[in-house]
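Observations on chain architecture
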Amino acid sequence: AQTVTQSQPEMSVQEAETVTLSCTYDTSESNYYLFWYKQPPSRQMILVIRQEAYKQQNATENRFSVNFQKAAKSFSLKISDSQLGDTAMYFCAFMNGPQGGSEKLVFGKGTKLTVNP
Amino acid sequence: DTAVSQTPKYLVTQMGNDKSIKCEQNLGHDTMYWYKQDSKKFLKIMFSYNNKELIINETVPNRFSPKSPDKAHLNLHINSLELGDSAVYFCASSPRPAHYGNTIYFGEGSWLTVV
């Protein structure tokens, strides 16, 4: 079974600085998808960024980018120019590709990020 | 317009009661899900439906019964509520098939407290 590990339960960063959240995963599949979701205090789950395993290029979305290391099974999230509104729980998630069977998201335990003014 | 909407957002009820959470999506998606987030914030899938057909049932107690009257709705009924059922329940939807990398869109969650 696939597992997702987020080794940093909590992190903090000063406003305008850069922070990196770590995520590793375990799978024997070669085709899969990786996601970062943000959950602010409102509880809404918001997709931040996604990465297809077959793409070598790291995904970017404005201030958010990932460092995808397929061989190392690592998928870290970098937040540049941190803003107060980035304060939230961040969840790393994995989904099998079509040949891997179940189409469910497997989540890590989350990293609580606090952006300080 | 809310894409995935759940009602109620908050629910406090006594042990032993039966309750339902309703979910509707207006995205035209074929697949809908229920996820549970426990007190430690851990998220885990419970069920998924594709076009009213049960696809995933993740070893959830049979006190939990999902019902999908049409592909835009997936309701969750819980019988004989227990203290351990206290959690946030998220409804979600995605285009089918989600494991081609389609994004899963979540509702705002329904916070269930069993006392």
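Structural notes, computed from the coordinates. These figures come from a predicted structure and were not determined experimentally. (Residues numbered from 1 in each chain as written. Chains lettered and ligands numbered in written order. Predicted model: local features only at pLDDT ≥ 70, side-chain atom pairs only at ≥ 80, totals over all residues. Heavy atoms only, no water.)

Looking now at the nonpolar core. All names here are of chain A. In this structure, Tyr 25, Trp 36, Phe 75, Leu 77 and Tyr 90 are the most contacted members of the largest nonpolar core, which totals 26 residues. Elements represented by at least two residues in this core include exactly β3 (19-21), β5 (32-39), β6 (46-52), β8 (64-69), β9 (74-79), β10 (88-96) and β12 (111-116). Counting residues per element, this core draws most heavily on β10, which supplies four residues. If sequence neighbours within four positions are ignored, Tyr 90 has contacts with Gln 6, Leu 21, Trp 36, Tyr 37, Lys 38, Val 48, Phe 64, Leu 77, Ile 79, Gly 110, Thr 111 and Leu 113. (Core = buried A, V, L, I, M, F, W, Y, C linked by side-chain atoms within 4.5 Å. Buried < 20%, exposed > 50% of the residue type's maximum accessible area, 1.4 Å probe, protein only. Helix = DSSP H or I, 4+ residues; strand = E, 2+ residues; numbered from the N terminus. Contact = heavy atoms within 4.5 Å.)

Turning our attention to the side chain of Ser93(B). For Ser93(B), the position within the fold is in strand β9 (residues 87-94). Other than its neighbours up to four places away in sequence, Ser93(B) contacts Val4(B), Gln25(B), Leu27(B), His29(B), Thr31(B), Met32(B), Tyr33(B), Thr103(B), Ile104(B) and Tyr105(B).

Listed per partner, the contact involves 23 residues of chain A and 29 residues of chain B. Interface of chain A and chain B: buried area, both sides summed, is about 2,200 Å²; carbon and sulfur atoms make up 55% of it. Among the residues of chain A in contact with chain B, Arg43(A), Glu103(A) and Phe107(A) are the three that bury the most area, contributing 35% of the side total. Linking chain A with chain B are one salt bridge, by the criterion used here. Glu58(B) is the partner of Lys104(A) in a salt bridge, and the nearest nitrogen-oxygen pair spans 2.4 Å. On the surface where chain A and chain B come into contact, there are seven residue pairs in polar contact (both at pLDDT 80 or more). Looking at the side of chain A that touches chain B, the elements that each hand over two or more residues are β5, β6 and β10 of chain A. (Buried area = accessible area lost by both parts, 1.4 Å probe. Salt bridge = Lys/Arg side-chain N within 4 Å of Asp/Glu carboxyl O. Polar contact = N/O pair within 3.5 Å; in protein donor to acceptor, adjacent residues only side chain to side chain.)

The next point concerns the environment of Tyr37(A). By the element assignment, Tyr37(A) lies in strand β5. For Tyr37(A), a relative accessible area of 1% gives the class buried. Placed 13 residues apart in sequence, Tyr37(A) and Arg50(A) show a C-alpha to C-alpha distance of 8.9 Å. Beyond its immediate sequence surroundings of up to four residues, Tyr37(A) is in contact with Met45(A), Ile46(A), Leu47(A), Val48(A), Met89(A), Tyr90(A), Phe91(A), Leu105(A), Phe107(A), Thr103(B), Ile104(B) and Phe106(B). Here Ile104(B) takes part through its backbone oxygen, which lies 2.7 Å from a polar atom of the side chain of Tyr37(A).

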